[in-house]
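So the chains spell out like this:
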Amino acid sequence: MISAAFTVNTASNPAAHSVSYGSTVNLALLSSSGATSIIWSIVSCSDPDTAIPTITRTGSPPGATASFIIPADPGDDYGRAFLIKCEVSSQIVGANGTLESSVSYGVVGVANVQGIIPICPGEENYRHGTHGWAPEFNIALA
C-alpha cells in the first residue's frame, strides 16, 4: 500500500509548520515505495493577494522530495500560510491494472503579529489530528 504522508522541514504532519519569510521549505515523502507518480501542489494561501510559490520536484523517484520558497514579508503583520497537497499513485500490475492512490496535506506558514499561523481556505484537520484549525480560530475570537 502506498502513502502520501510527508514531512515539512523534517517535521511530521498534522501540524502547522512555522517558517520565516523568504525561507526554503523542504518537503519529503516518508516512503516512496511503489510510487509511480508523485504530484505536489499548493492548494491555497491565507491571503488572496499573495502569489502562490512554485514547487520544485527533486529526488528519486521524481518528486520524492520537493521544495519551494516562502514569499518575502509584505509588511502587513498578517502572516501567510499555504496548504500543501501531496498526491501519490501507483499502477498495480495484475488484475485490471488497478490504480492505487493516496493524498496527504500539510500547512506551512509565517505567524502573524499575534503569533498564529493564518488559516488557509480548504483546511480541515491538517494542523491538528482531531481539532484542525479550531484552536487558532478560538484564540483569535478571544
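Everything below is about the structure printed above this text.
Residues numbered from 1 in each chain as written. Predicted model: local features only at pLDDT ≥ 70, side-chain atom pairs only at ≥ 80, totals over all residues. Heavy atoms only, no water.

### Topic: the overall build of the protein
Helices and strands together make up the secondary structure of the protein, namely one helix and nine strands. Helices (α) and strands (β) of the protein occur, in sequence order from the N terminus, as β-β-β-β-β-β-β-β-β-α. Relative to the 2.2 N^0.38 estimate, which gives 14 Å for 142 residues, the radius of gyration of the protein is 16 Å and therefore close to what a compact globule would have. Taking the principal axes of the C-alpha coordinates as reference, the protein spans close to 55 × 30 × 25 Å. Relative to its 142 residues, the protein shows a buried fraction of 39%. Surface summary for the protein: the accessible area is close to 7500 Å², and the carbon and sulfur share equals 54%. Here the protein contributes 4 positively and 10 negatively charged side chains, and the mean placements of these two sets differ by 7 Å. (Helix = DSSP H or I, 4+ residues; strand = E, 2+ residues; numbered from the N terminus. Rg over C-alpha atoms; globule rule 2.2 N^0.38 Å. Buried < 20%, exposed > 50% of the residue type's maximum accessible area, 1.4 Å probe, protein only. Areas by Shrake-Rupley, 256 points an atom, 1.4 Å probe, with all protein chains shown as cover. Lys, Arg positive; Asp, Glu negative; His and termini not counted. Charge placed at Lys NZ, Arg CZ, Asp CG, Glu CD.)

### Some points on the packing of aromatic side chains
A full pass over the atoms with the stated rule returns four aromatic pairs. Ring centres 5.0 Å apart and planes at 85° place the aromatic pair F6 and W40 in the edge-to-face group. On the criterion of sequence distance, the pair formed by F6 in strand β1 (residues 6-8) and W40 in strand β5 (residues 37-45) is long-range, its members being 34 residues apart. No difference in accessibility class separates F6 from W40, as the two residues are buried. (Phe/Tyr/Trp six-rings, centres within 6.5 Å; stacked < 30°, edge-to-face > 60°.)

### Structural notes on the pattern of salt bridges
Under the defined criterion, the tally for this structure stands at five salt bridges. In this structure, E136 and R127 form a salt bridge, with 3.4 Å as the shortest nitrogen-oxygen distance. The same class applies to E136 and to R127, which are both buried. Residues joined by salt bridges that share partners form a network here, namely D47, D76 and R80. (Salt bridge = Lys/Arg side-chain N within 4 Å of Asp/Glu carboxyl O.)

### A word on the side chain of R80
Within the fold, R80 resides in strand β8 (residues 80-91). With relative accessibility at 6%, the residue R80 sits in the buried group. A polar contact is formed between the side chain of R80 and the side chain of T50, at a distance of 2.7 Å. With residues near it in sequence (within four places) discarded, R80 still touches Y21, S46, D47, T50, P74, V108, G109, V110 and P118. (Polar contact = N/O pair within 3.5 Å; in protein donor to acceptor, adjacent residues only side chain to side chain. Contact = heavy atoms within 4.5 Å.)

### A short note on the environment of R127
Summarising the element assignment, R127 is placed in the loop between β9 (99-110) and α1 (134-141). Once the C-alpha coordinates of R127 and G109 are considered, the two residues, 18 residues apart in sequence, prove to be 11 Å apart. Those residues within four positions of R127 in sequence are excluded, and the remaining contacts are P14, A15, A16, V107, I117, P118, I119, G132, W133 and E136. A polar contact of 3.4 Å, which involves the side chain of R127, links it to the side chain of E136.

### Some words on the sheet that holds strand β7 (residues 65-69)
Strand order across the open sheet formed by five strands is β2-β1-β4-β7-β6, with antiparallel pairing between neighbours. The open sheet terminates on both sides in strands that have one partner only, identified here as β2 (11-12) and β6 (56-58). With five bridges joining them, strand β4 (residues 24-29) and β7 adopt antiparallel strand pairing. The partner of T24 across the bridge, within β7, is I69. (Pairing = 2+ DSSP bridges.)

### Concerning the sheet that holds β8
Reading across from one edge, β3-β9-β8-β5 is the order of the four strands in this open sheet, with mixed pairing throughout. Bordering the open sheet on either side are β3 (16-18) and β5, each of which pairs with just one other strand. When the angles between neighbouring strand axes are averaged without regard to direction, this sheet yields 30°. Sheet topology places β8 next to β9; 12 bridges connect them, and they run antiparallel. Across the sheet, the residue bridging to L83 is V107, located in β9. (Axes fitted to C-alpha atoms, helices over the stretch in contact; angles between N-to-C directions.)

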